Amino acid sequence: MHPARWLVFFVCVMLALTACVPITPCGQERGIIIPIDPAPPAPTKLEGNWLPVPAQIPPQPGFGVGVPADELSPEVAGLLGVSWYLTWAPFSWNAPPGVDFWPMVRVSQLDIWPSLGEIAQLAAEHPGATWIVGNEPDVECLQDDMPPRQYAMAYHSVYSAIKGADPTARVAIAGVAQSTELRLRYLDQVLDSYREFTGDPMPIDVWTLHAYVLNEQRDSWGSGIPAGFAEAAGELVEIDQHDDIELFKQRILRFRQWMAARGYRDCELAVTEYGILMPPDYGFDAERVSRFMWATFDYFQTATDPQVGLPSDGNRLVQRWAWFSSSFWQYPTSDLIDPATGQLTQVGHAFAEYVRTRVRNLD
């Protein structure tokens, strides 16, 4: 395998540990921590009493998926009917027809990957793309793990490289793990640091958010505490609240309210990662996951607010959303595709059935 491909694979594995290892000191393995056995389960084909799904579903606006691999195949895109995807890296340009790829630059306290020169070259070769700068900079070690000021400086460098090479590109800020008061304070410090560093407001074309419901406590299960913060805990939740749809909705609205209060109401909001990380042994079987997924789809398509929603989109709160994930061996609860067969899982059938039968007209 080409060395660059090995690096892409490594980064994808690291990113998708949107969770997920036993608690260890920072500097060893640590990311969003959830209380499960770290040994990967053997792939299984989930069975269910589902109606046959057409072989191809046209791309549906809004619906997307995270793909912890190099690319999204036309076959998988057609099974799900998604209109966009991301891979946590900037190399998957061979997107299926009608499907957008959102490249991601990875940042850290030590480096920007790929280099600014490579980023500029890719931006020039693929004009008009939407670039995401970083992945969960508020999560320690296995994610991008950056204090607010360092993230603001990295964003400025990447933004300048992309816009210098392609003025038509859109640049999106990284998604924090969840919309809590502590994470919003983190973002406040990012905005303040950017203004102090450059003298200008932070230019953000698209806002992104990860919409997990996780515990927020140092050295415990959940998303931990952002770099640069001394707190021992933020918002505390129980494991059973991981799919609390009302809390999920409250946090989306809270984020839009925060955006509007800081002058970003006119920006698109994309929920670039969310799903269920907990295993079936904790009560999160395929039926429960599917009910949660359908409830979020209903919400994303219909939720509006005349005070804080996007005016150009009928005041809708969210413009795009990406389920985590197509298939990832360490966190298979929300898998849409069985890695052993390439066929839809029971959750994948639920995704496809919703897109086929329940999509609203968003025009």
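Residues numbered from 1 in each chain as written. Predicted model: local features only at pLDDT ≥ 70, side-chain atom pairs only at ≥ 80, totals over all residues. Heavy atoms only, no water.

Let's talk about the overall build of the protein
Along its length, the protein carries eight helices and 10 strands. The buried share of the protein, reckoned over its 363 residues, is 56%. Restricting the contact set of the protein to residue pairs at least 6 apart, pairs at least 24 apart contribute 68%. Total accessible area on the protein stands at roughly 14,300 Å², and carbon and sulfur atoms take up 54% of it. (Helix = DSSP H or I, 4+ residues; strand = E, 2+ residues; numbered from the N terminus. Buried < 20%, exposed > 50% of the residue type's maximum accessible area, 1.4 Å probe, protein only. Contact = heavy atoms within 4.5 Å. Areas by Shrake-Rupley, 256 points an atom, 1.4 Å probe, with all protein chains shown as cover.)

Here we look at the side chain of T208
Along the polypeptide, T208 turns up in strand 8 (residues 206-210). Judged by its relative accessible area of 1%, T208 falls in the buried class. A polar contact of 2.7 Å, which involves the side chain of T208, links it to the backbone oxygen of I173. Only 2.8 Å separates the side chain of T208 from the backbone nitrogen of G175, close enough to count as a polar contact. (Polar contact = N/O pair within 3.5 Å; in protein donor to acceptor, adjacent residues only side chain to side chain.)

Let's talk about helix 5 (residues 181-198)
Across its 18 residues, helix 5 extends 26 Å between first and last C-alpha, which sits within 8% of the 26 Å expected from 1.5 Å per residue. Listing the buried residues of helix 5 in full gives L182, R183, L184, Y186, L187, V190, L191, S193 and Y194. The secondary structure elements touched by the buried residues of helix 5 are helix 4 (148-165), strand 7 (170-173), strand 8 and helix 6 (245-261). A positive backbone phi angle near 85° is found at G199, which sits one or two residues after helix 5. (Expected span 1.5 Å × (residues − 1).)

Some words on helix 4
For helix 4, built from 18 residues, the straight-helix expectation of 26 Å at 1.5 Å per residue is met to within 8% by its first-to-last C-alpha distance of 26 Å. Considered for burial, the residues of helix 4 that qualify are P148, Y151, A152, A154, Y155, V158, Y159, A161, I162 and K163. In the core, the buried residues of helix 4 are packed alongside strand 4 (104-107), strand 5 (112-113), helix 3 (116-125), strand 6 (130-133), strand 7 and helix 5.

What about the pairing of strand 6?
Side chains of strand 6 alternate between two faces, with T130 and I132 and W131 and V133 buried alike. In this sheet, strand 6 lies alongside strand 4 in parallel orientation, the contact comprising two bridges. Bridging across to strand 6, V105 finds its partner in V133. Where strand 6 lies against strand 7, four bridges are found, and the strand directions are parallel. Paired with W131 across the bridge in strand 7 is V171. (Pairing = 2+ DSSP bridges.)

Remarks on the environment of S326
Looking at the secondary structure, you find S326 in the loop between strand 10 (320-323) and helix 8 (346-357). For S326, a relative accessible area of 8% translates into the label buried. When the C-alpha atoms of S326 and P68 are compared, they prove to be 7.4 Å apart, with 258 residues separating the residues in sequence. Leave out the neighbours within four places in its chain, and S326 touches V65, G66, V67, P68, D335, L336 and I337.

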